[in-house]
Amino acid sequence: MAPSPPKRVSIEIQPDPGDERDRCELAFHGVDGVVDRGLALTLPAGRVGTWELTVTVRDAVPAGGGFLFQRHGFLLGHRVQDYNPRGRDYVTLESNATARLQLVVNSLNQSHRPSFAQVVVTDGALAPGDRFTLRIGDRRQGGAGSEVYDATTLGRFVFAVDRTGAGTYHTLACSPATVRITAEPHADLLRVLGPSVVAPDEPFALHLIAFDRHRNVCDRYRGTVVLTGPDGTSGTLPPTVTFTAQEQGVLIIKDVRLSRPDLYRFIATDEESGLQALSNPTLCEAEPKRRLFWGELHCHSWGDTTLSLMSEPNFKVHPARRHEQARQVGRLDFCSPGPMSAPNDEDRPEVWQAHQAAYRANDEPGTYVPFLAYEAHPGVGGDRNVVFHAQEATHLPMKASMDGVMDAYGSRDDVLLEAHIGGGPPNWTAYPTEEAPLLEVTSGHGAFEWVLQRALRHGYHPAVIGSSDVHLPTLGAPMSAHCFRGRFNHELNIRDTAFGSGQVAGVYAPACEREAIWQAIQDRRTFATTGARIILDVSANGEPAGSLVTSSGDVDLRIVAHGCAPIERMDVIRGDRCLFSWFPGELDSSIGYTDTRPLRASAYYVRLRQTDGEYAWSTPVWVTCADGSDAPDPSLPLWNSHESVDLASLRPNAAEKYEAALLEYLEIEEDPALFRDLTPVKLLEEAPGRSALFYAYYAADGWPVSIRWYYEFDLPRIHLDWGWRDFGARPTPTNITEPAEEKPPLA
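Please read these numbers as outputs of a predicted model, since none were measured by experiment. (Residues numbered from 1 in each chain as written. Predicted model: local features only at pLDDT ≥ 70, side-chain atom pairs only at ≥ 80, totals over all residues. Heavy atoms only, no water.)

S.K.: If you had to explain the overall build of the chain to someone new, which residues and values would you point to?
M.R.: A count of helical and extended segments in the chain gives six helices and 51 strands. For 747 residues, the compact-globule estimate of 2.2 N^0.38 gives 27 Å, and the C-alpha radius of gyration of the chain, at 26 Å, lies within 12% of that figure. Seen through its C-alpha atoms, the chain measures out along the principal axes to roughly 85 × 60 × 55 Å. A total of 747 residues make up the chain; the buried ones form 63% of that total. Of the roughly 26,300 Å² that the chain leaves accessible, carbon and sulfur atoms contribute 49%. For the chain, the separation between the mean place of its 69 positive charges and that of its 98 negative charges on side chains is 3 Å. (Helix = DSSP H or I, 4+ residues; strand = E, 2+ residues; numbered from the N terminus. Rg over C-alpha atoms; globule rule 2.2 N^0.38 Å. Buried < 20%, exposed > 50% of the residue type's maximum accessible area, 1.4 Å probe, protein only. Areas by Shrake-Rupley, 256 points an atom, 1.4 Å probe, with all protein chains shown as cover. Lys, Arg positive; Asp, Glu negative; His and termini not counted. Charge placed at Lys NZ, Arg CZ, Asp CG, Glu CD.)

S.K.: Break down helix H6 (residues 659-669) for me, citing the residues and quoting the values.
M.R.: Along H6, the residues classified as buried are Glu 659, Leu 662, Tyr 665, Leu 666, Ile 668 and Glu 669. Of the surrounding elements, those touching the buried residues of H6 are strand S48 (675-686), strand S49 (689-698), strand S50 (704-710) and strand S51 (717-722). (Contact = heavy atoms within 4.5 Å.)

S.K.: Quick one: what's the story with the nonpolar core, residue by residue and with numbers?
M.R.: Core analysis: the biggest nonpolar cluster contains 49 residues, and Trp 51, Leu 53, Phe 67, Phe 69, Phe 116 and Phe 157 have the highest contact counts within it. With near-sequence residues (within four places) excluded, Leu 53 lies in contact with Cys 24, Glu 25, Leu 26, Phe 69, Phe 116, Phe 132, Thr 133, Leu 134, Ile 136, Phe 157 and Phe 159. Ranked by size, the runner-up nonpolar core spans 47 residues in total, among them Ala 419, Ile 421, Ala 603 and Leu 720. (Core = buried A, V, L, I, M, F, W, Y, C linked by side-chain atoms within 4.5 Å.)

S.K.: Can you explain the pattern of salt bridges? Please cite residues and give values.
M.R.: A complete count under the given rule lists 50 salt bridges for this structure. A salt bridge links Arg 607 to Asp 571; its shortest N-O distance comes to 3.2 Å. Linking Arg 607 in strand S45 (residues 601-610) with Asp 571 in strand S42 (residues 567-574), this pair joins segments that are 36 residues apart in sequence. Each member of the pair, Arg 607 together with Asp 571, is buried. One salt-bridge network, in which partners are shared between bridges, spans Glu 449, Arg 569, Asp 571, Arg 607, Glu 643 and Arg 725. (Salt bridge = Lys/Arg side-chain N within 4 Å of Asp/Glu carboxyl O.)

S.K.: Now, about the packing of aromatic side chains: what can you tell me, with residues and values included?
M.R.: This model, assessed by the stated rule, comprises 28 aromatic pairs. A ring pair is formed by Tyr 374 and Phe 388, whose centres lie 6.4 Å apart and whose planes are at 15°; its orientation type is stacked. Taken together, the residues Tyr 374 in strand S28 (residues 372-376) and Phe 388 in strand S29 (residues 384-388) connect sequence positions 14 residues apart. Summarising the burial analysis for this pair, Tyr 374 and Phe 388 share the class buried. Taken together, the aromatic side chains of Phe 28, Trp 51, Phe 67, Phe 69, Phe 74, Phe 116, Phe 132, Phe 157 and Phe 159 make up a single cluster linked through ring pairs. Arg 180 extends its terminal NZ or CZ atom over the ring of Phe 315, reaching a point 4.2 Å from the ring centre. Across the ring face of Phe 371, the terminal group of Arg 514 is positioned such that the distance to the ring centre comes to 5.0 Å. (Phe/Tyr/Trp six-rings, centres within 6.5 Å; stacked < 30°, edge-to-face > 60°. Lys NZ or Arg CZ within 6 Å of the ring centre and 35° of its normal.)

S.K.: Quick rundown of empty space enclosed by the protein? Include the residues and the values.
M.R.: The tally for this structure, following the rule as stated, stands at six cavities of 30 Å³ or more. The volume enclosed by the second largest cavity comes to roughly 90 Å³. Around the second largest cavity, the lining residues are Arg 290, Tyr 508, Arg 524, Arg 525, Thr 526, Phe 527, Leu 536, Asp 537, Val 538, Pro 544, Ala 545 and Ser 618. Elements with a contribution of two residues or more to the lining of the second largest cavity: strand S37 (526-529) and strand S38 (535-540). The element contributing the most residues to the lining of the second largest cavity is S38, with three residues. A class-by-class count of the residues in the lining of the second largest cavity yields six nonpolar, two polar and four charged. (1 Å grid on protein atoms, 1.4 Å probe; cavity = no way out; pocket = protein on both sides within 12 Å on 5 of 7 lines; lining within 4 Å. Points joined across faces, edges and corners; volume = space filled by probe spheres on them. Nonpolar A, V, L, I, M, F, W, Y, C, P; charged D, E, K, R; others polar.)

S.K.: So what's going on with helix H1 (residues 319-328)? Residues and values would help.
M.R.: One full turn of an α-helix is made of 3.6 residues, so residues set three or four places apart face in the same direction. For H1, the full list of buried residues reads Pro 319, Arg 322, His 323, Gln 325 and Ala 326. For H1, the angular spread of buried residues about the axis comes to 160°, placing them on one side. If you follow the buried residues of H1, they end up packed against strand S25 (291-304), strand S26 (334-341), helix H2 (349-361) and strand S27 (369-370). (Arc of directions from axis to C-beta.)

S.K.: Mind laying out the side chain of Thr 619, listing which residues take part and the relevant values?
M.R.: Relative to the assigned elements, Thr 619 resides in the loop between strand S46 (615-618) and strand S47 (621-625). By relative accessible area, Thr 619 is classed as buried at 0%. Within polar-contact distance, the side chain of Thr 619 engages the backbone nitrogen of Val 464 at 2.8 Å. In terms of polar contacts, Thr 619 uses its side chain to reach the side chain of Thr 526, at 2.9 Å. (Polar contact = N/O pair within 3.5 Å; in protein donor to acceptor, adjacent residues only side chain to side chain.)

S.K.: Residues and numbers for the environment of Leu 684, please.
M.R.: With respect to the helices, strands and loops of the structure, Leu 684 is situated in strand S48. Separated by 30 residues in sequence, Leu 684 and Ala 654 place their C-alpha atoms 10.0 Å apart. Excluding its chain neighbours within four sequence positions, the residues that come into contact with Leu 684 are Gly 689, Arg 690, Ser 691, Leu 693 and Arg 708.

S.K.: I'd like a rundown of the environment of Tyr 695, residues and numbers included.
M.R.: The topology assignment puts Tyr 695 in strand S49. Relative accessible area serves as the criterion here: at 12%, Tyr 695 is assigned to the buried category. The contact partners of Tyr 695, leaving out residues within four places of it in the chain, are Val 645, Leu 647, Leu 650, Asp 677, Leu 678, Thr 679, Val 681, Val 705, Ser 706 and Trp 724.

S.K.: Tell me about the sheet that holds strand S24 (residues 282-284), and name the residues and values.
M.R.: Spatial strand order, S16-S24-S21: three strands in an open sheet with mixed pairing. Single-partner strands in this sheet number two, and they are strand S16 (197-198) and strand S21 (262-264). Sheet topology places S21 next to S24; three bridges connect them, and they run antiparallel. Its bridge partner lying in S24, Tyr 264 is registered against Thr 282. (Pairing = 2+ DSSP bridges.)

S.K.: Describe the pairing of strand S33 (residues 463-466), listing the residues and the values that go with them.
M.R.: Side chains Ala 463 and Ile 465 of S33 all project onto a buried face; the interleaved residues Val 464 and Gly 466 project onto the opposite face, where all are buried too. Here strand S31 (residues 438-443) runs beside S33; their pairing, made up of four bridges, is parallel. When the bridges of S33 are listed, Thr 442 appears paired with Gly 466.

S.K.: Hey, could you go over the sheet that holds strand S19 (residues 240-243) for me, with residue numbers and the actual values?
M.R.: Taken together, the four strands give an open sheet; going across it, the order is S19-S18-S22-S23, and neighbouring strands pair in antiparallel fashion. Only two strands of the sheet have a single neighbouring strand rather than two, namely S19 and strand S23 (275-278). For this sheet, the mean inter-axis angle between neighbouring strands, taken without regard to orientation, is 20°. (Axes fitted to C-alpha atoms, helices over the stretch in contact; angles between N-to-C directions.)

S.K.: Explain the packing of H1 against H2 to me, using residue names and the numbers behind them.
M.R.: Packing of H1 against H2 leaves a shortest axis separation of 8 Å and a crossing angle of 35°. Judged by residue contacts, Pro 319, Ala 320 and His 323 of H1 engage Ala 354, His 355, Ala 358 and Tyr 359 from H2. For the contact of H1 with H2, the per-class residue count stands at five nonpolar, two polar and no charged.

S.K.: Account for unusual backbone geometry, naming residues and giving values.
M.R.: Residue Pro 176 follows Ser 175 across a cis peptide bond; omega there is 5°. In this structure, Pro 176 sits in the loop between strand S13 (170-172) and strand S14 (177-182). Cis geometry is found at the peptide bond from Arg 651 to Pro 652, where omega equals -5°. Structurally, the position occupied by Pro 652 is in the loop between S47 and H6. Residues other than glycine seldom take positive phi values, yet Asp 201 does so here, at roughly 65°. Position of Asp 201 among the secondary structure elements: in the loop between S16 and strand S17 (204-211). Non-glycine residue Asn 541 carries a positive phi angle of around 50°. Looking at the secondary structure, you find Asn 541 in the loop between S38 and strand S39 (543-544).

Rendered as structure tokens:
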């Protein structure tokens, strides 16, 4: 069992500008033996080693004074620490000084505070010429080291000194040191994206993108890709395309056409590297009355006062670059990158002005629709992403109360308030509100079907969407096993990984225009996916998902799905019960189901899972039936029920190969007693990456838990979820004050 910290420590100090003469040297010692030195490093994402910061004192520092170390624009780890030598991100201090020094490490939550360490003089004084070295990820006592942040970005180390002992720090003249994080040189994934609905002979573009294993765009990818299209591509698809230095990992093929109505998919193959990709399905219709458009309504760019990740407009997070990523990498039709925690306009008006300028520059009706947005953090009631219909002069302060948010935006038809699972989950018991038009059921933090169930319990009629809540990963990139974003952080010492990017909203609208998309969202013509561009069409008694339907008898459901991988399972959920399940095992599935015993009032929605781990959820159809029953059928399984599994019967299997590594990780970093009957199940190759799947029971209350051990990374990553499946069966108990979900019996 990992040693517990004596006390979680938070460092709240912010330095003042200065030009202090002390010298600081930066080095990264990779486990591969390569050492990078200097105050402007370039390192590949995910590289493992030890950060080494060495300070040479030029002017004396008395007792009470000391040095402060910050990171900006990237993370060193979710929680650096100084109490577990065998654990990751272990921090140590060495010095040749005669003065007594104390190391203070921000072990509370480094991801929310830029200051990660402090060296304080407790006795004597640091004299000119004294040196000390700070190591983050010190491996000399068996620790795993530290990892270069897994998203491409431009980070900074800031160094400061308190020369008097008065508690005021000033930055060093050599500060900051910069760390440019690049993609790995080798591609791990190819992706092919096209439109979901087109007309015959209508020109469109196919986007081919290469990604590394962290799902950064692999800008150094070089290769020839063979393209295979079905009959009907009108000879407009080139047989091969070549990625050169000019493409930077993104190649767009224009003027592709389909000659006749049908369902189409394209295949891209790099025979030399073995990479192959199947495109999303494209439905060619003679006269399409509606189109399926894809977009992001909760994603972040420059503007960050709490995480120190997006506080500067660098090449990765500037709003202009975010729209570029949305259009090229994600092939999105609409997007609303906005500040994660925006400063007040009177303090830094340039942040909102940059978003307004990027909005205007990318407004192309018929091709791409930008929106303005920002995230509100009111505290009580949960966070909301605020999306504006058009140009907005200003926004409320980040910490405006929920009353303030609702007074300003709750009754406006040109503002959408999106509830999501980020820093503050929606708490509708503490703060009931009817203004819940948008609900994020999946994000970069995972999948959260329980939030939809809570909304239905409160009588809300939300439009269901997916959004990445992306911070530093590439906007529009596919899902990745991204570090530090899972929702088990209250149970675990180190926050588990989650699906870092890729989640999207599907919107059925007649045209890619602002009014059409806005009206479609208000009409709830939406669905959510974890990133795959699945075509999902659900109706009840002929009315589309999102409708309020009155029925005099049976409820006839119709579900049509065209997947990006074989469809493993689809569930029809009525209220809080699973009405029907089927297992197509094919790319395309169409089924009708008649509910002959409907309830007097209920909501129907579909949950779909592909074999590659991608999910989709439809917005419900709300049906009122005068002759329906008032009592749910108790024989139907609960929406979050799981199949009974004889864990002992699962052995032997290929995942056993990684059992020892997972147990060692839990022993070093966590408490293995958290999980009872830990059992390897199988190896998975899913959209976020390759993993070994384990089942267990959460020891505190016996809930089933699934664990994915992402073994392909130099520092393996771990993802946990409630239940044998990972659709969001239950909230983490300590992150919300509403009543806990009922523990379902095993179906």
